[in-house]
Amino acid sequence: MKCAEYYLDNHKIEIHYSFLGTECILVNGRKISEHRFSRKKPHQFVLGKNSYDVFSKLDIAGPSGRDFEIFKNGCAVSLVNFKSQNSKALLFLTVVLGLGFGYVFGSLLYQWYPVDLSGLYQFIQSLS
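Residue numbers here run from 1 along each chain, matching the order of that chain's written sequence. The model is predicted, so local features are restricted to residues of pLDDT at least 70 and side-chain atom pairs to those at 80 or more, both for listing and for counting; the totals for chains, interfaces and linings are taken over all residues. As a rule here, side-chain values cover all heavy atoms of the structure and leave hydrogens and water aside.

(A) Expanded view of the overall build of the chain. Helix numbers and strand numbers start at the N terminus; a helix is a DSSP run of H or I with at least 4 residues, a strand a run of E with at least 2. What the chain contains, in helices and strands, is 2 helices and 8 strands. Reading the helices (α) and strands (β) of the chain from amino to carboxyl end gives β-β-β-β-β-β-β-β-α-α. Each residue's exposure class comes from its accessible area (1.4 Å probe, protein chains only) as a fraction of the maximum for that residue type: buried when under 20%, exposed when over 50%, partly exposed otherwise. Relative to its full complement of 128 residues, the chain shows a buried share of 22%. Across the chain, every contact between residues at least 6 apart in sequence was considered, and the portion connecting residues at least 24 apart equals 25%. Calculation of accessible area relied on Shrake-Rupley with a 1.4 Å probe; when residues are assessed, cover is drawn exclusively from the protein chains displayed. Accessible area for the chain stands at about 9500 Å²; split by element, carbon and sulfur atoms hold 62% of it. Contact definition: two residues touch when any of their heavy atoms are within 4.5 Å.

Written out as structure tokens, the structure reads:
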């Protein structure tokens, strides 16, 4: 799953993440770094005369759940993530939490104010 896409010094840098915890960095479509997710261990690579370090950190509020810091020759670089920032995961989480909350709230209301449906059943039988 692609987490981020940056353009840096006329190079396209893509960061992919697998559900097994492996991060992979592609530069211009070529894999240059891959290892397990670690906040302390950065991805390191060299492009031309510049060395780059990419640090990964969790970002629960973000669409991909990850945020990246990129350092060029030891100095932080501010880049824009060009990957489309859709919020399908946030929408899914909201729907699941809403359904769960509604079920629990409905169950509690039913326990506090039980409904006798025997009159409704007799009414339906009389219509037949």
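(B) Structural detail: the environment of Lys57. Within the secondary structure, Lys57 is located in strand 6 (residues 50–58). Measuring from C-alpha to C-alpha, the distance between Lys57 and Asp67 comes to 5.3 Å, with 10 residues separating the pair along the chain.

(C) Broad picture of the packing of aromatic side chains. Aromatic pairs are defined between Phe, Tyr and Trp rings, using the six-membered ring for Trp, whenever the two ring centres lie within 6.5 Å; interplanar angles under 30 degrees are classed as stacked, those over 60 as edge-to-face, and all others as tilted. Under the defined criterion, the tally for this structure stands at 3 aromatic pairs. Aromatic side chains Phe45 and Tyr52 sit 5.5 Å apart centroid to centroid with 25 degrees between the ring planes, which places their arrangement in the stacked category. A relative accessible area of 7% means that Phe45 is categorised as buried. Given a relative accessible area of 1%, Tyr52 falls into the buried group. Centroid distance Phe101 to Phe105: 6.0 Å. Interplanar angle 10 degrees. Geometry classified as stacked.

The values reported here are purely geometric and, on their own, carry no functional implication.
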